[in-house]
Amino acid sequence: MTKCIVAGCSSSTTKGDKVHNVPSVRKKADRKTWLSNVNRLDLMCKPQKIVVCNKHFHRKCYQKNLRVEYMEGKIQYDLVPGSVPTIVQRGKMGPSRDVLGDVTNTVLHRTSPAHPVVSSAVPRKHAETQTEDQPVDSSTQCDPASISIDHSYTCPKMYSPPRPKMSTPARPKMSSPARPKMSTQSRKLCELLQLDISSVHLLDSTDLEFELTSDESEMCVDDEKCDPTFEPATEEITSSSSGSSLSVEDLNESSFIVYGQCLNELLAGVRCIKCDKQCMITNTYMKGSSLTVYFQCSNFHDFQWSTQQSSGRFPHGNLQIAAAALFSGQNYSVLTQFAALLGLRFLHRTSYNAIQSSHLFRLVNDAWNSHQSELLETYKGKIVCLAGDGRCDSPGFSAKYGTYTVMDIQTNVILGFHVTQCTETSSSVHMEKHGLEKCLGHLQDNEITVDVLATDRHVQIRKYLTDKWPDINHQFDVWHLAKSVGKKLSKKSKQKGCERLSTWIKSVVNHLWWCCATCDGNGDVLVEKWLSIVHHVCNRHVFPGHHVTECCHGRLEPTVERKTKWLKMQSPEHQALTNVVTNKLLVKDIRQLTLFCHTGALESYHALLLKYMPKRIHYSLEGMIARTQLAALDHNHNVNRAQATVKTGSRKGEKRFRTEFSKLSKSWIAKKMYEKKSYEYLEILMEKTLETEKLNCTRPNRRSLPPNISRNEKPRKEIIVQGRVSRFGK
């Protein structure tokens, strides 16, 4: 984007404005003349490209480009060689005409010192500065003290004394006192802002009284009257191609960022609904992101206008901001910083929490209960194979909340979860077992039979399932056990004399996956295949056994056999490998890998939980439950997405992949790319957000738990501060 360098000018190429390049640094004299005329000599030595827009040139500086007109069929106006900008403060204190004949869009109004209004006028120190290129009608002049440049919308309600008489030159009589017709674009804007059209007075050329200089008058006669084919180069100054036009229906469904200065210009032209008198802003009121403006005319008629609708306690915008923050997984501190950097009015934390507690938590809870009821109804009376795993809200063993989730292994759909606070159990380490107990009890109440349950090697869960649920086939997750084996071998390889063991870690882990996948559900076959690795690493591929007596890879090629770094029998590295592979507890646990179950999809879901519940941010119990419900809805509505394909071109229909560098394997790997997620369920929730305001919802019924995990009574703050001790003496 290239912006006009004149101070106070907002023209740029992005908006489609016509601009002209300032002479380069090499043309020192011409460049100095241009920059001096626009009061920007500070840019004299700037090497970058700088421009001045067409609003700062007289019309006499332009001439037709006949070549473009006859060759391309459009009228083009170019600068006359040697032209320089001379108009600097246009549109600041009075109306002026655009270079190509259009009146500037500055909103003007008549006022008096007794009736200050919110305006976009220049500050006082520029109010008295006038140039011959800036003619201003005396009927529109006002005392600079009556112009308010405060855009904070905090002006107090003020008393309006009787309007004093002012000597003004007589206006020429107009043939018709009728008000000018409103353009279609202005009417759509009024409908968007929900203003009564009769209360909005938009000024056109008949309302603007001004005098043209002699040069400008001659120019208008030469171009417009003598040449009937004169047309402004509208294609050069229209809006940017990146913009888009919207219908009235689209406007009603859209939201925009409106700057205070632009809002001032719009509201400065408001007239009374009853008597059509000029109105003044008597007071403003802000509630979060909502602004309400109070008007009063000279006949003391009062009315108000608000930027948002409101059907209850909160404006609709405040409700939807809080809802969008929760539904997208954002937190309040990030959003407030984002709004502060943009200067956006935002909700106070108290209002934000009140909206969540009284409306949004109930809405999310109802959506999850409805979704889960449909799922459990389809699974009713069926036998399922589940994967279960727990997730704490913070690293380490000092967690306050624990979330246990159960997922169908075949469809990767989440059937249920339970959020446990550590005060419900004896300590944090017991939260995982407590969560599994609640999940299994809920499934049993809905007549769902659990045949297989895959978990990690949690000791408490292993004992609990053995004692309470002996009919469930308890399987261990292959990924967790393989990860444990890899860590133990990596630790052994760092011992003295066992360095060569590091080259076999990846092969041993892959061997465990292969054993689980090819054992056909037989635990004895699985164990013998696993123990055969101690012979294979020594280049011995035939060994004694009941079910497995030789390796399944066949005869090795001589080159492969020669390049492989085999281990020597009874060497230190071979002894270390044997100790890990033949560990009694490990061999016992391997028998619970016969069904080759893994919880990879559940681990991916836990990564999604970080979007809604980062471990470094504390939430209330209601917030934890609501955010977990949102994560489960997100997962279930986008589970098993198809792999993305190339849409166009010669590779149309090919599967899409992305490449990443793996820290674990120290190599580049390819990962699948999937179709975009669908968030239609969130759009439904956003629509219901406004409905809950009308219903005056209450907080959902939750478990009555203490807000703090401390089991001791909290002392006074003064006592805690006095007992504070620092190692640094501070």
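The structure displayed is predicted, hence computed values, not measured ones. (Residues numbered from 1 in each chain as written. Predicted model: local features only at pLDDT ≥ 70, side-chain atom pairs only at ≥ 80, totals over all residues. Heavy atoms only, no water.)

Participant: If you had to explain the overall build of the protein chain to someone new, which residues and values would you point to?
Facilitator: For the protein chain, the helix and strand inventory stands at 23 helices and 16 strands. Out of the 730 residues in the protein chain, the part that is buried amounts to 42%. A fraction of 65% describes how many contacts in the protein chain between residues 6 or more apart in sequence connect residues 24 or more apart. (Helix = DSSP H or I, 4+ residues; strand = E, 2+ residues; numbered from the N terminus. Buried < 20%, exposed > 50% of the residue type's maximum accessible area, 1.4 Å probe, protein only. Contact = heavy atoms within 4.5 Å.)

Participant: I'd like a description of the nonpolar core, backed by residues and values.
Facilitator: Counting 41 residues, the largest nonpolar core has Phe327, Tyr605 and Leu630 as its most contacted members. Those elements that provide at least two residues to this core are α8 (316-327), α9 (332-342), α10 (349-379), β11 (401-408), β12 (414-421), α20 (600-612), α21 (621-637) and α22 (680-695). For this core, the element with the highest residue contribution is α21, accounting for eight residues. Core analysis: the second largest hydrophobic core is formed by 31 residues, Leu481, Val508, Val509 and Leu586 among them. (Core = buried A, V, L, I, M, F, W, Y, C linked by side-chain atoms within 4.5 Å.)

Participant: Summarise the pairing of β12; cite the residues concerned and give the values.
Facilitator: Burial runs high along β12: eight of the eight residues are buried. Between β11 and β12, which pair antiparallel in sequence order, lie five residues; one of them, asparagine 412, sits at a positive phi of approximately 60°. (Pairing = 2+ DSSP bridges.)

Participant: Account for the packing of helix α13 (residues 478-493) against helix α14 (residues 505-518), naming residues and giving values.
Facilitator: At a minimum axis separation of 9 Å, α13 and α14 run at an interaxial angle of 155°. Taken together, the axis directions place α13 and α14 in an arrangement best described as roughly antiparallel. Of the two possible hands of crossing, α13 and α14 adopt the one that is right-handed. Seen from α13, the contacting residues are Val478, Trp479, Leu481, Ala482, Val485, Gly486, Leu489, Ser490 and Ser493; seen from α14, they are Ile505, Val508, Val509, Leu512, Trp513 and Cys516. Its residues placed into classes, the contact of α13 with α14 shows 12 nonpolar, three polar and no charged. (Axes fitted to C-alpha atoms, helices over the stretch in contact; angles between N-to-C directions. Parallel < 35°, antiparallel > 145°, perpendicular 65-115°, else oblique. Left-handed = near helix turned anticlockwise from the far one by under 90°. Nonpolar A, V, L, I, M, F, W, Y, C, P; charged D, E, K, R; others polar.)

Participant: I'd like a description of the packing of aromatic side chains, backed by residues and values.
Facilitator: Note on aromatic pairs: each is described by the distance of the centres and the angle between the planes. Applying the stated criterion across every chain yields a total of 10 aromatic pairs. An angle of 20° between the planes, with centres 5.0 Å apart, marks the rings of phenylalanine 295 and phenylalanine 303 as stacked. Residues phenylalanine 295 and phenylalanine 303 agree in their burial class; the two are buried. Grouped by ring-pair contacts, the aromatic residues Trp34, Phe57 and Tyr62 constitute a single cluster. Here the basic side chain of lysine 529 rests over the ring of tryptophan 514, its NZ or CZ set 4.7 Å away from the ring centre. (Phe/Tyr/Trp six-rings, centres within 6.5 Å; stacked < 30°, edge-to-face > 60°. Lys NZ or Arg CZ within 6 Å of the ring centre and 35° of its normal.)

Participant: Which residues make up a nonpolar patch on the surface, and what values do they have?
Facilitator: There is a patch of nonpolar side chains on the surface, built from Ile257, Tyr259, Phe338, Leu342 and Leu344 and spanning about 550 Å² of accessible area. Considering the arrangement of structural elements, one finds isoleucine 257 in the loop between α6 (248-252) and α7 (260-267). Residue classification places isoleucine 257 among the exposed residues on the basis of a relative accessible area of 55%. (Patch = residues over 30% accessible without salt bridge, like charges linked within 9 Å, V, L, I, M, F, W, Y side chains within 5 Å. Areas by Shrake-Rupley, 256 points an atom, 1.4 Å probe, with all protein chains shown as cover. Salt bridge = Lys/Arg side-chain N within 4 Å of Asp/Glu carboxyl O.)

Participant: Lay out a negative patch on the surface in plain terms, naming residues and giving numbers.
Facilitator: A contiguous patch of negative charge on the surface is contributed by Glu680, Glu683, Glu687 and Glu691. Considering the arrangement of structural elements, one finds glutamate 687 in helix α22. (Lys, Arg positive; Asp, Glu negative; His and termini not counted. Charge placed at Lys NZ, Arg CZ, Asp CG, Glu CD.)

Participant: Give a description of the sheet that holds strand β8 (residues 290-297) that names residues and reports values.
Facilitator: Overall, antiparallel pairing links the three strands, which are arranged β7-β8-β9 in an open sheet. The two strands at the open ends of the sheet, each matched to only one other strand, are β7 (279-287) and β9 (302-306). Put simply, the sheet's adjacent strands are angled 20° from each other on average, direction ignored. On top of the sheet, α7 reaches β7, β8 and β9; it is set at about 30° to β8, its chief contact.

Participant: Tell me what's going on with the environment of valine 542, and back it up with residues and numbers.
Facilitator: You can see valine 542 is positioned in the loop between α16 (533-536) and α17 (558-563). In this structure valine 542 comes out as exposed when scored by relative accessible area, which is 61%. For the pair formed by valine 542 and serine 532, sequence separation is 10 residues and the distance between their alpha carbons is 9.1 Å. Other than its neighbours up to four places away in sequence, valine 542 contacts Thr549 and Glu550.

Participant: Lay out the sheet that holds β11 with the relevant residues and their values.
Facilitator: The five strands lie next to each other as β12-β11-β10-β13-β14, forming an open sheet whose pairing is mixed. Only two strands of the sheet have a single partner each, and these edge strands are β12 and β14 (473-476). Neighbouring strand axes in the sheet, compared pairwise and without regard to direction, differ in orientation by 25° on average. Pairing geometry for strand β10 (residues 383-392) and β11, over seven bridges, is antiparallel. When the bridges of β11 are listed, aspartate 389 appears paired with threonine 405. Of the strands in this sheet, β11, β13 (449-455) and β14 are in contact with helix α12 (residues 459-468), which crosses β14 at around 160°. Sheet contacts for α21: β11 and β12; angle to β12, the most-contacted strand, approximately 165°.

Participant: Tell me what's going on with unusual backbone geometry, and back it up with residues and numbers.
Facilitator: Of note, phenylalanine 300 is a non-glycine position whose phi angle comes to about 65°, a positive value. The residue phenylalanine 300 is located in the loop between β8 and β9 in this model. Overall, phenylalanine 300 belongs to the exposed group, its relative accessible area being 53%. Unlike most non-glycine residues, asparagine 412 shows phi in positive territory, near 60°. Within the secondary structure, asparagine 412 is located in the loop between β11 and β12.

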